[in-house]
Amino acid sequence: MKQIIYIPFDHLHRKYGALKDADPKDDLIVLVESARMTTGRNWHKERLFFLISSARHFAQSLEEEGFTVEYLKAATTVAGLKEVQKKYPKLPILCAEPSSFRQFEALKAHRVVFIENDFFLTPRPLFQSWAADQKNYLMENFYRKQRTRLNVLMEGGEPSGGSWNFDKENRLPPPKKYEGPKYLEHDRDEIDNQVAIEISHKPTSTWATTRRGALAQLKNFIKNHFAEFGPLEDAMTTDNWALHHSLLSPYLNNGLLHPSEVIKAAVQAFNTGAIPIESAEGFIRQVIGWREYVNGMYWFLGPDYRDNNQLNATKKLLPLFSDPDKTQMNCIKQTVTDINDRAWVHHIPRLMLLSNLALITGTNPQEFLEWMREVFIDASEWVMVPNVIGMGVHADGGTMMTKPYAAGGAYISRMSNYCKPCVYDPKLRVGEKACPFTTLYWDFLDRHKAAFVKNHRMSQQIFGLNRLSDLPQLKVRATDVLEGLEAGTI
């Protein structure tokens, strides 16, 4: 053997990262199942199951190809590498650049040799050069550069369909009765069952743990859901937990799928004429735009960015985030139940329900960030830090987003079917039946009006406070709501 190739649990692709030029005759493959990853925090069991079983399946596939694979459990990644080096003391260790600051520093200190991380479409230096030239970091500007650079949905120098962005066409509420194709269910094998036993978990059949299963998920999305994706991408309904979302983020984030494969499949489908531009553009924007932008911003903003708390939010994490029985709000009860069941909800419940609630209640951003990291199946460090600190709870003071994503019950009522059976009325802001989101939205604006009044995107909402004749009563109701949320009774 000539070298050790270390494979993190989010680099599970044979054709990318440190494995792309690997040779079974020369390279020893190492994967480390670290206690820090498995037991260091209150991780969702479905998330742990997915990550561990995917890694073990991947290790098996490499062994079947003829590689010598060392898959071991250790206290930390570096401790595991040291164990392997006792058996192979003279071999250098190669790894693609890790996806988090912590692992990057730990492996660097252990003298691991890095090659470029190519699990994204945008090299880190390229994003760095783009961001360094910006007065503000508008994702839309980056996205248009991506479309041109990657030549995706372009006709000459112009965007397909005559517009860069069809977001306005993709904001339909859910249909009164949703009926759509079922999503795939994945059979469990011996490796899955062993992992489930080890972590004392009964896994769902929702998530694949193999490359073959991930490809099947991609095929199913393209065939059965892609065409309808766009118009309903922001909708929320109790009739279906996924609507037409792709469910591909876990596989993109652990490496079982590469974004180039996903984009190739999407563009090929669009070119047949069967996929409306609204759906094609909306989905492709998520992959080459938002996903690449968030990863780029994670590295550009640096390791201390996660500590931002510029709204001075200090409240403890509310009990309803972990226990749906600790609230009477139907939207939150349904969302947290879905998370507890399968470790996933789509981007709008994450942003406009969970993050919105954390924002307007003044929940400490670091506590909320840690909870989001623990419960979602696709919650890589690089994903959650910018999404939560920058977009979700506006803790960075506007570095990423020009305004906070705060909303009252009217938005939830318009975009979901949660409100009709709820005990609270989204139209009311005072009284015992007032929707907590509506009450706390106005209370949030009042609490932070000095900070937001100079923001041109917030000035209209701030001036709206002057029209509230019941603001004193609203402030009293807001205090009651916050106390009730903390007690788990509202």
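Here, the structure is the one placed above.
Structure report, in brief. (Residues numbered from 1 in each chain as written. Predicted model: local features only at pLDDT ≥ 70, side-chain atom pairs only at ≥ 80, totals over all residues. Heavy atoms only, no water.)

Another point: the sheet that holds strand E3 (residues 68–74). Taken in spatial order, the 5 strands line up as E3-E2-E1-E4-E5 in an open sheet, and their pairing is parallel. A single partner strand is all that each edge strand has here, and the edge strands are E3 and strand E5 (113–115). On average, each strand axis in the sheet is tilted by 30° relative to the strand beside it, whichever way the strands run. Where strand E4 (residues 93–96) and E5 come together, 3 bridges link them in parallel fashion. By the bridge assignment for E5, Leu94 is matched with Val113. (Pairing = 2+ DSSP bridges. Helix = DSSP H or I, 4+ residues; strand = E, 2+ residues; numbered from the N terminus. Axes fitted to C-alpha atoms, helices over the stretch in contact; angles between N-to-C directions.)

Side chains Ile93 and Cys95 of E4 all project onto a buried face; the interleaved residues Leu94 and Ala96 project onto the opposite face, where all are buried too. Across 2 bridges, strand E1 (residues 3–6) lies against E4 in parallel orientation. From the neighbouring strand, Ile4 faces E4, where its bridge partner is Ile93. With respect to chirality, the unit in which E4 leads through helix H4 (residues 101–109) into the neighbouring parallel E5 is right-handed. (Buried < 20%, exposed > 50% of the residue type's maximum accessible area, 1.4 Å probe, protein only. Right-handed = clockwise from strand over helix to strand, strands pointing away.)

Within the structure shown, the criterion is met by 30 aromatic pairs. Ring centres of Tyr183 and Trp241 lie 6.5 Å apart, and the angle between their planes is 45°; on these two criteria the pair is classed as tilted. Of this pair, Tyr183 sits in the loop between strand E7 (158–159) and helix H7 (190–198) while Trp241 sits in the loop between helix H9 (226–229) and helix H10 (249–254), placing them 58 residues apart in sequence. Assessed through its relative accessible area of 13%, Tyr183 is described here as buried. A connected cluster of aromatic rings, assembled from ring pairs, spans Phe101, Phe104, Phe114, Tyr298 and Trp299. When the ring centre of Trp299 is taken as reference, the NZ or CZ atom of Arg124 above it lies at 3.9 Å. Directly above the ring of Phe376 sits Arg350, whose terminal nitrogen or CZ lies 4.0 Å from the centroid. (Phe/Tyr/Trp six-rings, centres within 6.5 Å; stacked < 30°, edge-to-face > 60°. Lys NZ or Arg CZ within 6 Å of the ring centre and 35° of its normal.)

On to the pairing of E1, then. Examined bridge by bridge, E1 and strand E2 (residues 27–34) share 4 bridges and lie parallel to one another. Looking at E2, one finds that Gln3 is bridged to Asp27.

Attention now moves to unusual backbone geometry. The phi angle at Ser200 is positive, at roughly 55°, despite the residue not being glycine. Considering the arrangement of structural elements, one finds Ser200 in the loop between H7 and helix H8 (211–224). With a relative accessible area of 60%, Ser200 lands in the exposed category.

Should their charged atoms come close, side chains of opposite charge can pair. Summed over the entire model, instances satisfying the criterion amount to 29 salt bridges. Ionic pairing is found between Asp118 and Lys20, a salt bridge with its closest N-O pair at 2.9 Å. Of this pair, Asp118 sits in the loop between E5 and helix H5 (124–132) while Lys20 sits in the loop between E1 and E2, and the two are 98 residues apart along the sequence. Taking relative accessible area as the criterion, Lys20 reaches 38% and is therefore assigned partly exposed. Linked by salt bridges that have partners in common, Arg41, Arg306, Glu370, Arg373, Glu374 and Glu381 make up one network. (Salt bridge = Lys/Arg side-chain N within 4 Å of Asp/Glu carboxyl O.)

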